[in-house]
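Descriptive structure summary
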Amino acid sequence: MADSKPRIPAKPGYFTVPDDPATPPEVIVSRCQDCGEYFFPKRLVCGKCMSRKTEETTVAARGTIYSYTFVHIPLFGSTKIEYQEGYGVGQIDLPEGPRIQLPLVGKQEAFAVGKRVVGELAAIREQDGNDVVLLRFKPVEG
Amino acid sequence: MEKVAVAGVGMKRFGFYPDTSVHDLACAAALAALDDAGLTFADIDAVYVGHIFMPVMTGVRAIKEIGLTGVPIQRIENASATGSACLREAYLAISGGHYDKVLVVGLDKMTEVMGQTPSAPALEDSILPAAFFAMWATRRMHERGTTREHLAKIAAKNWNNGALNPMSQRQPTTTVTVEGVLKAGMVSWPLTKMMACPIGDGAAAAVVTRESTAKKLANGRPVVRVLASHLGSEKYERGHLFMGPVVGPAQMSRDAAKDLWEQSGIGPEDVDLVQVHDAFVIEELEYYELLGFCKEGEAEACIERGDFEPGGRVPFSTDGGLIARGHPGGPTGLAQIWETVHQLRGTAGKRQVENARIGLCHMMGGGSVCIAHLLGRE
């Protein structure tokens, strides 16, 4: 991004928005202190063992594509040209366990089941002088 | 436990009704169901009314348009499975001995609530709901070699079934082909517009009674019993999706079918026709397997053989399904009951399944609940 507007998340509590744009965003999750299961989004009670001892933590935004699609309709809530002709969406398996659904960067041909992806923040619109950002995933080679 | 039957059904064809209030839509369906049962509103012991989208008290106010008799009225909501949930509550109340004659009504006007979503999107709200179903299809294609032609064949079947149903929202005047479905505009790869259900308005209703009461009202028609009723929610397993409008874990539908067989003592080989939550074609494909109508991995071969087409082994979505008959929300589950009751009575006209005795109705609600019923002709 050429400008340097302050960045705010499309919705707080799902991913980090580092002050330094060069720092990669992280995914906000819950980890169960009893059984070790991770959850996204964060939650108070463990969905696996129902322990109440969950802790909020973050994990790196990277994983593999479980499934994907390309939507031929503009991204809701976005004013950016790049989303007007549609956008990719992926179900991403994080190595810690959670499966999350978020936009993918690129066209249909760039996606494949099992492909590695890394997260980045992208502005979808401006609001009160801020860039409203959404976490999305970009395919990486290898 | 009292045995339970569906004594009457009524429906307002799903579609677009800009000049008709949702109350009038509900009235039309409810009065049709009362007439079909041979009852009046004064006979009714309790009402369950369901809607997803309309404002608070819409359903209760709609019932007031039919009559004010002091009857207990309860609003029910369980996403797409709302109408099915109304039937289930009636089933539980009657089988538990609390009521004899219960009116269930589903209503919604999606066209009145479109565009009323919050302007500031939440995280997953920025994504078109169809994308979540499309990803189920992409994964299936990866695992099983499913083609877009398989998906298109299901869509064409349901559109063409809709042409035979006077209550279907979509009634194509010429035969819908696989090529036509594939050529329709892409919504979310691999799903085209013709592989998805439409939005719409409408209402559907049923009168549910003790079997003994239904026999008195039958007037020569076969009595249609509720043989089993299931409601389940999600179980956690690794890979569970907690975000957004999702399709829900496949296990919910497997569990639903297993419960129906256990309650009724019959199996999928005894079922003559099936209605499912085919909001998108990939769902119907998956439910062939998950409900036990073919083995895992065999859905594609069954589609190629026409097992679930009219005249096939077990016809699915005989009224056009959500794809053609429509899916306004609250009434959808009761439209499945309307169709199944007509099929079991032998009054389904051009789409009649020959000698139909047992029908299964299955709905998902927001990917988070699954409701299923088994109906049988005595």
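Values in this document were obtained by computation on a predicted structure and should not be read as measured data.

The number of helices and strands found in chain A is zero helices and nine strands. Each helix and strand of chain A, placed in order from N terminus to C terminus, yields the pattern β-β-β-β-β-β-β-β-β. Seen through its C-alpha atoms, chain A measures out along the principal axes to roughly 45 × 35 × 25 Å. Counting every position in chain A, which comprises 142 residues, the buried fraction comes to 37%. For chain A, restricting intrachain contacts to residue pairs at least 6 apart in sequence, the fraction spanning at least 24 positions comes to 52%.

Below, the discussion takes up the nonpolar core. Residue and element names in this part refer to chain B. Val104 and Val105 are the most contacted members of the largest nonpolar core, which totals 163 residues. The element that contributes the greatest number of residues to this core is helix H1 (residues 22-37), accounting for ten residues. Residue contacts for Val105: discarding those within four places in its chain leaves Ala26, Ala29, Ala30, Val47, Val49, Ile63, Ala203 and Ala205.

All names here are of chain B. Summarising the element assignment, Leu322 is placed in helix H12 (residues 321-324). Residue class for Leu322 comes out buried when judged on the 30 C-beta atoms lying within 10 Å of it. Excluding its chain neighbours within four sequence positions, the residues that come into contact with Leu322 are Cys197, His277, Asp278, Ala279, His327 and Thr332.

Moving on, we get to the confidence of the model for chain B. Residues and elements named next belong to chain B. When pLDDT is averaged along chain B, the result is 95, and 97% of the positions lie at 70 or above. Counting interchain partners and residues more than four positions distant, the pLDDT-below-50 stretch residues 117-121 has four contacts. Complex prediction metrics read pTM 0.96 and ipTM 0.93.

Quick look at the sheet that holds strand E2 (residues 26-32) of chain A now. Residues and elements named next belong to chain A. Taken in spatial order, the three strands of this open sheet run E3-E2-E4, and their pairing is antiparallel. Unpaired on one side and paired on the other, strand E3 (38-39) and strand E4 (54-60) mark the two borders of the sheet. The sheet contact formed by E2 and E3 spans two bridges and is antiparallel. Residue Arg31 lies in a different strand from E3, and its bridge partner there is Tyr38.

All names here are of chain B. With mixed pairing, nine strands are arranged side by side in an open sheet as E3-E2-E4-E7-E1-E8-E11-E10-E9. Edge strands, defined here as strands with exactly one partner in the open sheet, are strand E3 (73-76) and strand E9 (273-275). Averaged over all pairs of adjacent strands, the angle between strand axes in this sheet comes to 20°, irrespective of strand direction. Of the strand pairs in this sheet, strand E2 (residues 46-50) and E3 are connected by four bridges, and their pairing is parallel. Paired with Val47 across the two strands is Ile73, which belongs to E3.

Residues and elements named next belong to chain B. The element E2 is largely enclosed, with a buried count of five among its five residues. The alternating pattern of E2 places Ala46, Tyr48 and Gly50 on one face and Val47 and Val49 on the opposite face, and all of these are buried. Looking at chain direction, E2 and strand E4 (residues 101-109) are connected through five bridges and run parallel. Looking at E4, one finds that Tyr48 is bridged to Val104.

Parameters at a glance
Residues numbered from 1 in each chain as written. Chains lettered and ligands numbered in written order. Predicted model: local features only at pLDDT ≥ 70, side-chain atom pairs only at ≥ 80, totals over all residues. Helix = DSSP H or I, 4+ residues; strand = E, 2+ residues; numbered from the N terminus. Buried ≥ 20, exposed ≤ 12 C-beta atoms within 10 Å, placed from the backbone. Contact = placed C-beta atoms within 7 Å. Core = buried A, V, L, I, M, F, W, Y, C linked by C-beta atoms within 7 Å. pLDDT = per-residue confidence, 0-100. Pairing = 2+ DSSP bridges. Axes fitted to C-alpha atoms, helices over the stretch in contact; angles between N-to-C directions.

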